[in-house]
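# Working through the structure, step by step
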Amino acid sequence: MTAELIIDARNVTGESPVWHPQENALYWVDIPVGRLHRWQPDGQTHHWTADEMLGCIARSHRGHWLGAQESGIFHLIPQADGRLLAGKRASVEHARPGMRFNDGRCDRQGRFWAGTMQTSMAAEPVGALYRYDAMADGTAGPLQARLGTLSVPNGMAFSPDGKTMYVSDSHPSVQMIWAFDYDIDSGSPHNRRVFVDMNQHPGRPDGAAVDAEGCYWICAIDAGQVLRFTPDGKLDRALPLPVKKPTMCAFGGPQLETLFVTSIRPQGIDLSDQPLAGGVFALNPGVKGLPEPIAKG
């Protein structure tokens, strides 16, 4: 199966692809430059830039975006002049200086989850997962860590019924994917267990998505593949990409039959063996995805 380059975006760290069905468009972020991108199948592209690094996004029921940045959760409204108008909705108190939000996704009920990491990729497990619980006015006060002791939290996804939550840790010293039982009423994960030990597979576990059959797709960063695991943790498919560092995948297209994949363009190294690094790719995996939940806040 051949991956199609849809845009040679040359993202430093492309992440958090989200399909917007009403606009027939794919959105994603380039984390270090704080940029929100949009691509449409007719070739139109746009981007908007925020004042902070932008780790992940989710569509908001208010008609714009929620974004997890360096200092908290923001409402993000694209402007005609290319800026992202940002309104802070919740602050975060990081465990160390030099931290930011990274991977994130909504649960099936529309609660927005996002994880923090040190920008230095240090192994110290001071990253945490936060759940954004919006009040009626859209604010939430300081965020509270719901799950800690992570180095580089990633791979967040939820089973079709919402009762299983998946989380990975991408750090080279960890490379694990866990599953949790998830209480859909309270929005609480419990009964943590190993889902996949990625030390037994090529690449490190990065961003993920779940398909309509309940299987878990994970980007294997450094291995240039997207891997599909069945609900019992068995590898049943590996799709190659023309870049070494895929970051996150998401289903999209009119029938949710396309798997979109973002990637990293490493800085300061020879890229002659992967000139498309930092691009966004499309695959036809032969299975449909699930609609991405809209965030409550």
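Quick caveat, the model's predicted, so the values are computed rather than measured. (Residues numbered from 1 in each chain as written. Predicted model: local features only at pLDDT ≥ 70, side-chain atom pairs only at ≥ 80, totals over all residues. Heavy atoms only, no water.)

### So, the state of the cysteines
Inspection of every chain in the model, using the stated rule, returns zero disulfides. Counting only cysteine sulfurs, C249 is the nearest neighbor of C219, a cysteine outside any disulfide, at a range of 4.3 Å. A residue is classified by how much of its surface remains accessible, and C219, at 0% relative accessible area, is buried. C249 sits in the buried class, given a relative accessible area of 0%. (Disulfide = S-S within 2.5 Å. Buried < 20%, exposed > 50% of the residue type's maximum accessible area, 1.4 Å probe, protein only.)

### Quick word on the UniProt feature "binding site: substrate" (unreviewed entry) in the protein chain
Taking the numbering used here, the UniProt-annotated feature "binding site: substrate" (unreviewed entry) corresponds to R100 and N102. Apart from residues no more than four positions distant in its own chain, R100 is found in contact with I31, M53, Q69, E70, H94, G115, T116, M117 and T119. Here the side chain of R100 touches N102 through a polar contact of 3.2 Å, side chain to side chain. Note on placement: N102 falls in strand β10 (residues 99-106). The class for N102 is buried, based on a relative accessible area of 4%. (UniProt positions renumbered as here; feature names shortened; annotations may be inferred. Contact = heavy atoms within 4.5 Å. Polar contact = N/O pair within 3.5 Å; in protein donor to acceptor, adjacent residues only side chain to side chain. Helix = DSSP H or I, 4+ residues; strand = E, 2+ residues; numbered from the N terminus.)

### Thoughts on unusual backbone geometry
The backbone of Q175 shows a phi angle near 55°, a positive value even though the residue is not glycine. When you line up the elements, Q175 lands in the loop between β15 (164-169) and β16 (176-183). Overall, Q175 belongs to the buried group, its relative accessible area being 13%. Phi angles above zero are rare outside glycine, and L256 is one such case at about 55°. Mapping L256 onto the fold places it in the loop between β22 (246-252) and β23 (258-263). According to the relative accessible area criterion, L256 is buried, its value standing at 15%.

### Quick notes on the packing of aromatic side chains
All chains considered together, the criterion is met by 11 aromatic pairs. Aromatic pair F101 and Y130: ring centres 5.8 Å apart, planes at 70°, arrangement edge-to-face. Highlighted residues: F101 in strand β10 and Y130 in strand β12 (residues 127-132), separated in sequence by 29 residues. Exposure class is identical for F101 and Y130. Each is buried. Seen from their ring centres, Y166 and Y216 are 4.8 Å apart, and the 40° between their planes marks the pair as tilted. Of this pair, Y166 sits in strand β15 while Y216 sits in strand β19 (residues 216-221), and the two are 50 residues apart along the sequence. Residue class for Y166 comes out buried when judged on its relative accessible area of 4%. Connected via pairs of aromatic rings, a cluster forms that spans W19, W39 and F260. We note R192 situated over the ring of W178; from NZ or CZ to the ring centre the distance is 4.0 Å. (Phe/Tyr/Trp six-rings, centres within 6.5 Å; stacked < 30°, edge-to-face > 60°. Lys NZ or Arg CZ within 6 Å of the ring centre and 35° of its normal.)

### Remarks on the sheet that holds strand β5 (residues 45-49)
Strand order in the open sheet formed by four strands is β2-β3-β4-β5, with antiparallel pairing between adjacent strands. Edge positions in the open sheet fall to β2 (14-20) and β5, since each of these has one partner strand only. When strand polarity is set aside, the average angle formed by the axes of neighbouring strands in this sheet is 20°. Bridge count for strand β3 (residues 25-30) against strand β4 (residues 35-39) is five bridges, and the pairing is antiparallel. Considered in β4, the bridge of W28 is made with H37. (Pairing = 2+ DSSP bridges. Axes fitted to C-alpha atoms, helices over the stretch in contact; angles between N-to-C directions.)

### Some thoughts on the pattern of salt bridges
If you walk through the whole model with that rule in mind, you get 15 salt bridges. E23 is the salt-bridge partner of R38, the closest N and O atoms lying 3.2 Å from each other. Note that R38 is positioned in strand β4 and E23 in the loop between β2 and β3, a separation of 15 residues in sequence. A relative accessible area of 16% means that R38 is categorised as buried. Two residues, D181 and R193, come together in a salt bridge whose shortest N-O distance is 3.3 Å. Of the two residues, D181 is situated in strand β16 and R193 in strand β17 (residues 188-197); the sequence distance between them amounts to 12 residues. Judged by relative accessible area, D181 falls into the partly exposed class, the value being 25%. Given the relative accessible area of 31%, R193 is considered partly exposed. (Salt bridge = Lys/Arg side-chain N within 4 Å of Asp/Glu carboxyl O.)

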